Amino acid sequence: MQMQAVDGEVHADLTLDGRMEGAPGLAHGGAIAAALDDLFGGVLVLLETPAVTARLNVEYRLPVPLHTPLHLVARCTATEGRKLHMAGTMSAGEAIVAEASAMFVRVEIAHFEASGVPVPDAWRSWGGAARG
Ligand SMILES: CCCCCCCCCCCCCCCC(=O)SCCNC(=O)CCNC(=O)[C@H](O)C(C)(C)COP(=O)(O)OP(=O)(O)OC[C@H]1O[C@@H](n2cnc3c(N)ncnc32)[C@H](O)[C@@H]1OP(=O)(O)O
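Fair warning: this is a prediction, and the values are worked out from it, not measured in the lab.

### Considering the sheet that holds strand β3 (residues 51-60)
In sheet architecture, strand pairing relies on hydrogen bonds along the backbone and comes in two forms, parallel and antiparallel.
So, step 1. Read across the sheet, 6 strands follow the order β1-β2-β4-β5-β6-β3 without closing on themselves; strand pairing throughout is antiparallel. Of all the strands in the sheet, just β1 (3-6) and β3 have a single pairing partner and so form its edges. On average, each strand axis in the sheet is tilted by 25° relative to the strand beside it, whichever way the strands run.
So, step 2. Bridge count for β1 against strand β2 (residues 9-15) is 4 bridges, and the pairing is antiparallel. Residue Q4 lies in a different strand from β2, and its bridge partner there is H11.

Here you go:
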């Protein structure tokens, strides 16, 4: 998903296809949640903060048709020590089809390195969990 930073928010355009189908012709709720969670990951890049999703809440407002352009927007609404609160929306045209809120928790880069897969070099210049 291609993301763009605009005025402290992260925006993305996305069209879901048959691989993301739940009910016939409609997007699977898990795919919608994954897209919004991924967008929150983009906010972390904007903030240059390594963190992970601790809690994700999605409100599904309308069915999301496949093969329809969707617009997503996310931002960090508050920070509280290691906790980052996020909010985001997914829209089809003028209609908000889903809204999400999430709590991320800052972690050290070592959290990701534990997988054994190298992290991008840029992440090393970011402050870790201790950055308040
Ligand atoms: C990843 C991106 C990197 C950046 C670059 C991005 C690049 C762009 C691509 C992005 C693509 C992916 C974007 C999607 C992001 C994922 O998908 S992340 C993967 C899914 N999430 C996880 O795997 C997290 C698994 N959980 C954990 O590792 C640990 O539980 C945590 C969240 C790090 C917390 O553990 P901990 O470090 O021991 O901290 P702990 O003391 O337990 O908690 C700290 C505080 O948070 C609170 N807390 C912790 N968990 C919860 C919870 N579930 N509910 C409520 N409160 C909680 C605690 O109560 C505590 O509060 P205070 O006492 O300080 O008030």
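### Some details on the site of the ligand
So, step 1. Contacts to the ligand come from 20 residues, most closely from T53, A54, R82, K83 and W123.
So, step 2. At 3.0 Å from a nitrogen atom of the ligand is found a main-chain nitrogen or oxygen belonging to T53.
So, step 3. In the model, a nitrogen atom of the ligand is placed 2.9 Å from a nitrogen or oxygen of the A54 main chain.
So, step 4. Protein chains shield 50% of the accessible area of the ligand, which is 1300 Å² for the free molecule.

### Looking at the UniProt feature "domain: Thioesterase" (unreviewed entry) in the protein chain
So, step 1. As recorded in UniProt, the sites labelled "domain: Thioesterase" (unreviewed entry) are residues 25-92.
So, step 2. Annotated as 28% helix and 47% strand, the span residues 25-92 places its first and last C-alpha atoms 15 Å apart.

### Regarding the pattern of salt bridges
So, step 1. Summed over all chains, the structure comprises 4 salt bridges.
So, step 2. For the salt bridge of R61 with E99, the shortest nitrogen-to-oxygen distance reads 2.7 Å. Taken together, the residues R61 in the loop between β3 and β4 (69-80) and E99 in strand β6 (residues 95-106) connect sequence positions 38 residues apart.
So, step 3. With relative accessibility at 29%, the residue E99 sits in the partly exposed group.

### Overview of the environment of A33
So, step 1. Topologically, A33 is positioned in helix α1 (residues 29-47).
So, step 2. Not counting residues within four places of it along the chain, the set of residues in contact with A33 comprises L56, V58 and Y60.

Analysis parameters
- Residues numbered from 1 in each chain as written.
- Predicted model: local features only at pLDDT ≥ 70, side-chain atom pairs only at ≥ 80, totals over all residues.
- Heavy atoms only, no water.
- Pairing = 2+ DSSP bridges.
- Helix = DSSP H or I, 4+ residues; strand = E, 2+ residues; numbered from the N terminus.
- Axes fitted to C-alpha atoms, helices over the stretch in contact; angles between N-to-C directions.
- Near = heavy atom within 4 Å.
- Polar contact = N/O pair within 3.5 Å; in protein donor to acceptor, adjacent residues only side chain to side chain.
- Areas by Shrake-Rupley, 256 points an atom, 1.4 Å probe, with all protein chains shown as cover.
- UniProt positions renumbered as here; feature names shortened; annotations may be inferred.
- Salt bridge = Lys/Arg side-chain N within 4 Å of Asp/Glu carboxyl O.
- Buried < 20%, exposed > 50% of the residue type's maximum accessible area, 1.4 Å probe, protein only.
- Contact = heavy atoms within 4.5 Å.

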